[in-house]
Structures are given as structure tokens and as C-alpha cells.
Amino acid sequence: MKDSDISKRADFSRIRYAQCWEDADVLLGGLDIKSGDACLSIASAGDNTLSLLAKAPSRVVAVDLSPAQLACLELRVAAFRELSHQELLELIGSCESRRRAELYQRCRSQLESEARTFWDANSGIIDAGIGSGGKFENYFRIFRERILPLVHSRKKVEMLLMPKGKEAREDFYAEKWDTWRWRLLFRMFFSRRVMGRHGRDREFFRYVSESDVAGKILERTGYALTELDPAENPYLSWILTGTHRGVLPFALREENFEAIRENLDCLELHCGPVEEVLESGTAFDRFNLSDIFEYLNPDHCETLYEKICESASPGARLAYWNMMVPRSRPDRMAERLRPLEELSESLHQEDKAFFYSRFIVEEVI
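Residues numbered from 1 in each chain as written. Predicted model: local features only at pLDDT ≥ 70, side-chain atom pairs only at ≥ 80, totals over all residues. Heavy atoms only, no water.

Enquirer: Would you mind showing me how to read the overall build of the protein chain here?
Expert: For the protein chain, the count of helices and strands is 18 helices and seven strands. Taken over C-alpha atoms, the radius of gyration comes to 20 Å for the protein chain, in line with the 21 Å a tight globule of 365 residues would show. Dimensions of the protein chain, computed from C-alpha atoms along their principal axes, come out at roughly 55 × 50 × 35 Å. Counting across all 365 residues of the protein chain, residues that qualify as buried make up 60%. The long-range fraction of contacts in the protein chain, counting pairs at least 24 apart against all pairs at least 6 apart in sequence, stands at 77%. (Helix = DSSP H or I, 4+ residues; strand = E, 2+ residues; numbered from the N terminus. Rg over C-alpha atoms; globule rule 2.2 N^0.38 Å. Buried < 20%, exposed > 50% of the residue type's maximum accessible area, 1.4 Å probe, protein only. Contact = heavy atoms within 4.5 Å.)

Shown next, in the form of C-alpha cells:
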């Protein structure tokens, strides 16, 4: 099966995700990349693919169905090559800047013609910060600018994001944040219907059987605001304020900048279904599969698991997320794939990209 069925049902011509909304700290903890490993990575916007480079792999093949998503990754690669760390943050939109157009011009010569044409035609996204330019980010912008002010003041948002101990976080959430209005508007805005139309894609919910999508996300949000520390959460910071405010995901932290830059030549980009890369003859040691199984029918999932095992070296690891569709190794493949359940669960409890229901790590036997 060469073509992923989702490629026939959803539009991949625009930026869906201008950032990677999956916690790279969790991903790297699950994959445990060793120097010299060969990695396959779903590209998305590129942040987590670049994070893999910090671990000195021999090769990272980034694959995506969407030329727009690969253009996001390609511009990030150019920025790592041409800009300082501070300038990279400005281009992304992690902090304020009035010179993003100038920064883009410095990166432009590093882009292949297709990516250059794409970004030349999207100067508005560059001016706003390239991390703000996806459908999903626009969905969060609408929430931040139109919905959240109906519930909580800017002052209360700032109070939420202040460092607090666990008991203080729980008290604040119960007494100040978790109001009936918060629950009502949250459930409306993050419903399957609204999210499918404005945030993700209706087709991404095809295999979702969960009747209360918003309720599940609300439950995970409560966990992120109490059990985890909002003051240390870059994903929550962006959702609520539109910037990272100095709280950065792995790929954007200053301590990882040089390691990523030094290993950029190990990166390869491939536009097309992941099966094409799996059938290329490369033996991979690590697989960042994002939430790819979420969008595939069960038969296609089984076929994909088989192809992954066929292209994997002994002891290879797979890491991926479930949001609303429960997907994991098929029972009939128990002799080929071993779930690392304790590791998966412990990492899931730390996941700052809190809306996922499960994080899964499996090992090829």
C-alpha cells in the first residue's frame, strides 16, 4: 500500500501545524537515541525532527505528505545555519521582533526553490513569526483572543503562569480557574465539531469513537494545570499568551542550539507517504511516528506496523502518541514488537503537550 489513506481524504497543501505540538523531552526519553543511530521522523513543522539531531544520529530521514510542512522544516534548518540563537527565536515568534523579514532574507538562499517560492508567497506568516502560521495555531489564537477573555482576565492568566508548588496550583485551579463558565466555553470550543472545522480536520476524527472529546481534553488540561507546572510549559504558554516567554521546547533551547546545528547535514527530507521511506532499504534504529496511526484504518495500521518492523534493526524503538483513537501494536505481532509499558506511562505523566491520551514506546524484538 503506497498511499496512506489519509492523503486521499485531507488537504495537505497548507500549513496545518506551524509548531510541533508534541513534547520532545518525552519523545527523546522514549527513543533513547544513541550516537550513530539511523532515525525516521514524521516531519510536522520540524521541531521534534531537529531535536533528534541533538543526539548525534548518523541519519535522520524526515518524511511528510505535506510540502507545506516540509517547507516549515526547511526554513528552520536554514535558520539554524544562518542565524544566531536569539535571531532564531525571533523568526519563530518565541519573542518579539520587528526584523523577521530581514531574518528571512538571510535564510532564503539556503532554501530549495519549492520552499523558497512557498515562503516568498507567505510574507505575512513570516512577519507574524513562522511558529504562528498554521491552522492549529490560528485555532489557539481564536481561543486566546475571543474565548479566554470571556472567562478569565489577563491578570488571572498571568497568575496561572506564575511558579507555584503543587498544592498552590491545585488551590488556584479549584478556587480561581475551574469555573462553570470555563468548563462550558472550553467544552464548546474544543468539541469535536469545532475542532474538526477550525483546528484540525474533520477527517482526522474519522476513527474516533469517543463521544466526549472535549471532556477528555478538559480532563487532561486540568492535569496540566495542577500536576504539571504551567510556569514551565512552553505549549501552554503559547496557547495562553501567543509566545513562549522564555519557556522553550527542546529544539529552541539555547543549550541545544549548537548540537543541532552541528548535525544538520545528517538530515534528509522526503515528501510522500512514510511507506516509501520504509521500502527504501534503510535499516532504522529509531522511529518518531508522531500520531500517524490516529488517522489510519485498522487494516492500514497493521500493514504499517509490519513495514516498520521489516525496516527496523534489532532493538529498534518506536515512539508515538494517541489522542482519541487507541492504537498500539497488534496482538498478532507480539513476537515482533514489545511494548515498554512502564516507560510509556511514566513519560506520559510528564508530557507537557497535555492533550494526548497516551504516549507509546515499543521495541522491535
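Enquirer: Is there a simple way to explain the nonpolar core in this structure?
Expert: The tendency in soluble globular proteins is for nonpolar side chains to be buried as a group. With 96 residues, the main nonpolar core has W119 and F355 as its most contacted residues. By residue number, the principal contributor to this core is helix α3 (residues 67-82), which donates ten residues. For W119, the residues in contact, after removing those within four places along its chain, are I15, A71, C72, L75, Y104, L111, I125, I126 and I130. L40, V61, L337 and I360 belong to the second largest nonpolar core, which has 27 residues in total. (Core = buried A, V, L, I, M, F, W, Y, C linked by side-chain atoms within 4.5 Å.)

Enquirer: Explain the side chain of T49 here, please?
Expert: For T49, the location among the structural elements is in helix α2 (residues 47-53). Judged by its relative accessible area of 0%, T49 falls in the buried class. Not counting residues within four places of it along the chain, the set of residues in contact with T49 comprises S41, I42, A43, V60, A62, L73 and L267.

Enquirer: Would you mind showing me how to read helix α4 (residues 85-92) here?
Expert: Burial of α4 is extensive: seven of the eight residues sit out of reach of the surface. Within α4, the full set of buried residues consists of H85, E87, L88, L89, E90, L91 and I92. Here the buried face of α4 lies against α3, α5 (100-108), α7 (123-128), α14 (234-241) and α15 (254-262). Of the residues trailing α4, G93 is marked for its positive phi of about 105°.

Enquirer: I keep staring at the sheet that holds strand β3 (residues 267-271) and nothing clicks. Help me out?
Expert: What holds strands together in a sheet is hydrogen bonding between their backbones, with the strands either parallel or antiparallel. Here we have seven strands laid out as an open sheet, ordered β3-β2-β1-β4-β5-β7-β6, and mixed in their pairing. Two strands in the sheet have a free side with no partner beyond their single neighbour: β3 and β6 (337-339). Recorded for the sheet is a direction-independent mean angle of 20° between the axes of neighbouring strands. As paired elements, strand β1 (residues 38-42) and strand β2 (residues 59-64) share five bridges and run parallel to each other. Note that in β2 the partner of C39 across the bridge is V60. Against the sheet, helix α1 (residues 24-31) makes contact with β4 (284-288), β5 (312-322) and β7 (358-364), and its axis sits at roughly 155° relative to β5, the strand it touches most. (Pairing = 2+ DSSP bridges. Axes fitted to C-alpha atoms, helices over the stretch in contact; angles between N-to-C directions.)

Enquirer: Could you clarify how one ought to interpret unusual backbone geometry in this entry?
Expert: Leaving glycine out, the prevailing phi sign among residues is negative, and the prevailing peptide bond configuration is trans. Positioned with a positive phi, S44 is a non-glycine residue whose angle comes to about 50°. Summarising the element assignment, S44 is placed in the loop between β1 and α2.

Enquirer: How should I be thinking about a nonpolar patch on the surface in this particular structure?
Expert: A cluster of nonpolar side chains, contributed by W180, L184 and M188, occupies part of the molecular surface with about 350 Å² of accessible area. Among the structural elements, W180 can be located in helix α11 (residues 180-189). Residue classification places W180 among the exposed residues on the basis of a relative accessible area of 56%. (Patch = residues over 30% accessible without salt bridge, like charges linked within 9 Å, V, L, I, M, F, W, Y side chains within 5 Å. Areas by Shrake-Rupley, 256 points an atom, 1.4 Å probe, with all protein chains shown as cover. Salt bridge = Lys/Arg side-chain N within 4 Å of Asp/Glu carboxyl O.)

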